Amino acid sequence: MKLSPHDVLLGLSSLRRLALTLGAGLALLVGCGGAGEEGTGAQPTVNVGVLKAIDGDSVTVNGVQYARESAAVVDGFDNPLPADDLRLGMWVEVQGTVQADAARGSARTIRVRPAVRGVVMAADGAGTTLSVLESQVLLGNASVVDPGIGLPGLQPGDLVEVHGPLGGSAGQVRASRVERLGTGAVPPRFELRGRVSQLDAVARTLVVGRRTVVYDAAAVQLRRALEDGMVVRVSSQRAPVSGQPWAVERLVADQPLPANLDFIYVEGVVTGFQSGPTFALENLLVNATNAGNRAAVRADGARVAVVGKLQDGVVQADLVTLIEEGEPVVFLLSGAVTAFESPSAFRVRRVRVDASAAEFVAPARPEALADAVKLRVRGSFRGRDLVATRVEFLP
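The numbers attached to residues start from 1 for each chain and follow its sequence in the written order. Side-chain atom pairs in this predicted model are given and counted only at pLDDT of 80 or more, local residue features only at pLDDT of at least 70, and totals for whole chains, interfaces and linings cover all residues. Working from all heavy atoms in the structure, the side-chain values ignore hydrogens and water.

## Some words on the nonpolar core
Argument step 1. Each nonpolar core is a collection of buried residues, namely Ala, Val, Leu, Ile, Met, Phe, Trp, Tyr and Cys, held together in the definition by side-chain atoms within 4.5 Å. Only protein chains enter the accessibility calculation, which uses a 1.4 Å probe; a residue is then buried when its area is under 20% of its type maximum, exposed when over 50%, and partly exposed in between. In this structure, Phe 279, Val 304, Val 306 and Val 320 are the most contacted members of the largest nonpolar core, which totals 66 residues.
Argument step 2. Working definition: helices are DSSP H or I runs of at least four residues, strands are E runs of at least two. Numbering for both runs from the N terminus. By residue number, the principal contributor to this core is strand β21 (residues 261-274), which donates six residues.
Argument step 3. Only heavy atoms matter for contacts: two residues are in contact if any of them lie within 4.5 Å across the pair. Non-local contacts of Phe 279, meaning those with residues more than four positions away in its chain, are made with Val 270, Thr 271, Gly 272, Phe 273, Leu 284, Leu 285, Val 286, Ala 288, Val 297, Val 304, Val 306 and Val 320.
Argument step 4. By size, the runner-up hydrophobic cluster in this structure holds 33 residues, among which are Leu 154, Leu 159, Val 208 and Trp 246.

Next up, the structure:
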């Protein structure tokens, strides 16, 4: 059965129901997975994936809606960020709790985890590939493009922030979001996430993705010894110089998760595939030997969604679902209308919206659209616009 990203990630409650149908036994996890929060039925969770929905008090990742009123929003180095910095398409890690139905939860920390922040070195004419900090950034129908830019308009020299999972090849990113930083802006740091290779612990050099890095003067924060294959995050306020090793100021483990966890939900690209199957999703080793639908994953490069638990640092998967590439992803956005021009041109949370062909759910109607009207929009991105398929007015 072919599943689009939208089909797969409509909700982890749906995945959980499928897992039950397949005999994966997630119900047992609810009963015996851990102590949880007494009297609430909530269990600790980590959820890694694309930010698919935002409203005033919640975010949705991999189909789980998390209340975020009390959540700390941080970057990949745990520096605090304003909650308003959250944007559709960001690659995030949510830590918190989830209810037994696996559809709702409460976030304690929302970690924003861009793959690369730097200068565009090259952009192909079709607008499907960028080169940033020597990373190959692949764009497609599921990529969110920040308002104000279009893929053909990106030029070498633009400062951008790219989100998305690491691809199957070294230095490759499958972009879920590309945001050009403001004209004339200097990013607070240049940043790169990737797999380590060519480690020289004596010279204190390594390659992150495809970029040679010198870390002899860097602040290093890791949970285990640095080694080839580890996924790390590096940064510096000094811009890299083409053809020269990049001296970074910080080097940290990209995903410092606990060793044991009752529920984990993670999306990513398969690497290190072995029969069983076992494979890696960035820093996470996944054992899918007993997972439902495990036969769908046959090789490196597949994009998957995994539901399971974390035991001694290994994800014991209950369900692995293949995500088909190339189809539009459905996003949800709630907020007040701003910059209204017409039903085909207005903004919600800074996102450009085209609702000219949308279904308006009564009492919502196109002629009632105006600045300050609160609404919920459902749709997919086409270039820089969220093309709405459904519009509802909110109280």
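Further notes follow.
## So, unusual backbone geometry
Argument step 1. Residue Gly 276 is joined to Pro 277 through a cis peptide bond whose omega torsion reads -5°.
Argument step 2. Considering the arrangement of structural elements, one finds Pro 277 in the loop between β21 and β22 (278-281).
Argument step 3. With omega at 10°, the peptide bond leading from Ala 362 into Pro 363 counts as cis.
Argument step 4. Along the polypeptide, Pro 363 turns up in the loop between β29 (359-360) and β30 (374-382).
Argument step 5. Residue Asn 62 is not a glycine yet carries a positive backbone phi of 50°.
Argument step 6. Turning to its location among the elements, Asn 62 is positioned in the loop between β2 (58-61) and β3 (64-67).
Argument step 7. Phi is positive for Ala 339, which is not a glycine, with a value near 50°.
Argument step 8. Here Ala 339 shows up in strand β26 (residues 331-342).
Argument step 9. Judged by relative accessible area, which is 44%, Ala 339 ranks as partly exposed.

## Focus on the pairing of strand β31 (residues 385-393)
Argument step 1. Being paired, for any two strands, means DSSP has found at least two bridges between them. Sheet topology note: the strand β28 (residues 351-354)/β31 ladder contains three bridges and is parallel. Counted as the bridge partner of Arg 352 is Asp 385 from β31.
Argument step 2. Relative to β31, β30 runs antiparallel, the two sharing eight bridges. Looking across to β31, one finds that Arg 382 is bridged to Asp 385.
Argument step 3. In this structure, the hairpin formed by β30 and β31 is closed by a connection of two residues, where Gly 383 is found at a positive phi of approximately 65°.

## A short note on the environment of Leu 81
Argument step 1. By the element assignment, Leu 81 lies in the loop between β4 (72-74) and β5 (91-98).
Argument step 2. Using a relative accessible area of 27% as the deciding quantity, one classes Leu 81 as partly exposed.
Argument step 3. When the C-alpha atoms of Leu 81 and Ile 110 are compared, they prove to be 9.7 Å apart, with 29 residues separating the residues in sequence.
Argument step 4. Apart from residues lying up to four places away in sequence, Leu 81 is in contact with Val 73, Val 74, Asp 75 and Val 112.

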